[in-house]
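Summary of structural features
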Amino acid sequence: MSTSPTAAPPQSSGADAGRNDSARRPAAARRASVWARRAPLLPALIFLIIMTQLPFAATLVISLFDWNSLYPDDRAFAGLANFGEVLSDADLRSSVLTTIILTTTVVLASLVLGLAIALLLDRSFRGRGIVRTLMIAPFLVVPVAAALLWKHMLFNPEYGLLNGSINWFAGLFGIDNPIQPDWISEMPLLAVQISLVWQWTPFMMLILLAGLQSRPGDVMEAARLDGAGNWQMFRYITLPHLRRYLELGGLLGSIYIVQNFDAVFIMTQGGLGTANLPFSIYQTFYQAHEYGLASAAGVLVVIGSIILATFALRVVSSLFSEEGSR
C-alpha cells in the first residue's frame, strides 16, 4: 500500500513575524506610557503609606495587647478583649453617645444654615464676591483659635460679647442687672455645638452653593414660564437637585466632626458631659496610660470613619457621573 506524504507544517512568513512584532511593540509602548504617568505619583503613594497605613497597622497590633505604660513588664497578648472592654465600659459608651449627639446636631444645623446662606448668596447683588469671601472666613480659622475665640471673647461671663450684648439690650429697656449666664458652665454641650456650627456652616454653604449653580437653567426658566412660584421651584426642582450635595456635605461633615478634639479640649476639658470619643481616647492614652484600650478605641473610630468615607466617595462618584452625562 502506498502512503500519502505527510504535509509539512506551515512556515510563518517574514511578514507575519513582522506583524507580531509590531503588535507587541504598541502594547509595550502603552505599558511604558502608563508607568511613565504613574511613576511621578509613586513617591507620594509611598509617603502616604508610611504616614498613614503603617501607624494604623501599629495601632491595630497594640490594640491586641494588655499594655499599660506604667507597668511595661506586665504587657501580655489580650486578643479582642480590649475591644470588648471598650464596648462595655460605661464612660466610653457615654462618650460614644455624646459623639453621636454632637455630630448629628452640628451637621444638621450646619446644613440648614448653609442652605439658607447659599440661597441668599446665589442671588445677584452688589458686593456679592466680598460677602462670599467673608462667609468663608470662619472655616479658614485654625480650630484651636476658633475654640479660644468662642471661649474667651464670646462665652466669657464677665467680658464676653454675648453677655455684653445682653447688658446693652437690657439698658435700652431700662433693665438693671440682667441675667448673665455662664455659657460654658451652664450649657457646655450647647456651647461646643454653637462653636462647631459657626466653623462648619461655611463648608456646607460652599458645597450647596456649587449645587445651586449647577442647576439646569432651561428647567428653571420653563418652571418660571409655567407660573411656578419660588417655594414651588425650591421644593420640586432645587431641593431634589441638591439631594446629592446635601448627602455629600452631611457625610464629609460627619467624618470630620466625629474626630473633633480641639473644641472639647479647649472649651470644657471634656467635663460637664462633653467628653466625646476622641477626648476619651486622649484620656485613656495620656492620663490612664492604657495603650491597648486607647488603641482599640482608636481602631473603632477609624473603622467608623472609613464606613462614612466609603459612602462619601460613592456620592462624589455619582455626582461626577451625573455631571459627565449632561
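Residues numbered from 1 in each chain as written. Predicted model: local features only at pLDDT ≥ 70, side-chain atom pairs only at ≥ 80, totals over all residues. Heavy atoms only, no water.

This is how the line gets drawn: UniProt positions are given in the numbering used here, feature names are shortened, and annotations may be inferred rather than shown by experiment.
For the protein, an unreviewed UniProt entry supplies the name Sugar ABC transporter permease and the organism Streptomyces spiramenti. Taken from UniProt, the Subcellular location (unreviewed entry) comment for the protein reads in full: "Cell membrane". Note on the protein: under the UniProt heading Sequence similarities (unreviewed entry), the record states "Belongs to the binding-protein-dependent transport system permease family."

**Looking at the overall build of the protein**
Going by this rule: In this description a helix means any DSSP run of H or I spanning at least four residues, a strand means any run of E spanning at least two, and both kinds are numbered starting from the N terminus. For each residue, the accessible area found with a 1.4 Å probe, counting protein chains only, is set against the maximum for its type, and the residue is called buried under 20%, exposed over 50%, and partly exposed in between.
Each helix and strand counted, the protein has 15 helices and 2 strands in total. Burial statistics for the protein: of 326 residues in total, 31% are counted as buried.

**Comments concerning the UniProt feature "transmembrane region" (unreviewed entry) in the protein**
In the numbering adopted here, UniProt assigns the feature "transmembrane region" (unreviewed entry) to residues 41-65, 96-121, 133-150, 190-212 and 291-316. In residues 41-65, helix accounts for 84% and strand for 4%; the two terminal C-alpha atoms are 36 Å from one another. Annotated as residues 133-150, this span is 89% helix and 0% strand, and its ends, taken at the C-alpha atoms, are 21 Å apart.

**Focus: unusual backbone geometry**
Its identity as a non-glycine residue notwithstanding, Q269 has a phi of 55 degrees, on the positive side. Within the secondary structure layout, Q269 lies in the loop between α13 (262-267) and α14 (277-287). By relative accessible area, Q269 is classed as partly exposed at 46%.

**Describing α14**
Those residues of α14 that fall on the buried side of the exposure criterion are L277, P278, F279, S280, I281 and T284. At the exit of α14 stands H289, carrying a positive phi of roughly 60 degrees.

**Some remarks on the pattern of salt bridges**
Rules: We count a salt bridge whenever a side-chain nitrogen from Lys or Arg sits within 4 Å of a carboxyl oxygen from Asp or Glu.
Counting across every chain of the model gives 3 salt bridges. Salt bridges sharing partners connect three or more residues here, namely R243, R244 and E247.

**Considering the confidence of the model for the protein**
Spelled out, the test is: pLDDT measures the predictor's confidence residue by residue and takes values from 0 up to 100.
Here the protein averages 81 in pLDDT, and 90% of its residues register 70 or above. In the model of the protein, helix α1 (residues 14-38) stands out as the element of lowest mean pLDDT, 63, in contrast to helix α9 (residues 188-213), which has the highest, 91.

**Thoughts on the nonpolar core**
The condition is simple: Nine residue types can take part in a nonpolar core, namely buried Ala, Val, Leu, Ile, Met, Phe, Trp, Tyr and Cys, and a core is a set of them joined through side-chain atoms within 4.5 Å. Residue contacts are defined here by distance: any two heavy atoms, one from each residue, within 4.5 Å place the two residues in contact.
In terms of nonpolar packing, the biggest core is built from 40 residues, with V106, A118, F155, V192, L196, I257 and M267 touching the most fellow members. Of all elements in the fold, only α4 (90-121), α6 (143-154), α8 (183-186), α9, α12 (243-258), α13 and α15 (291-325) reach the threshold of two or more residues within this core. The greatest single-element share of this core, amounting to 12 residues, is contributed by α9. Residues contacting M267, with those up to four places away along its chain left out, are A147, W150, K151, F155, I184, A191, V192 and S195. Membership of the second largest hydrophobic core comes to 11 residues, among which are V86, L92, A294 and A297.

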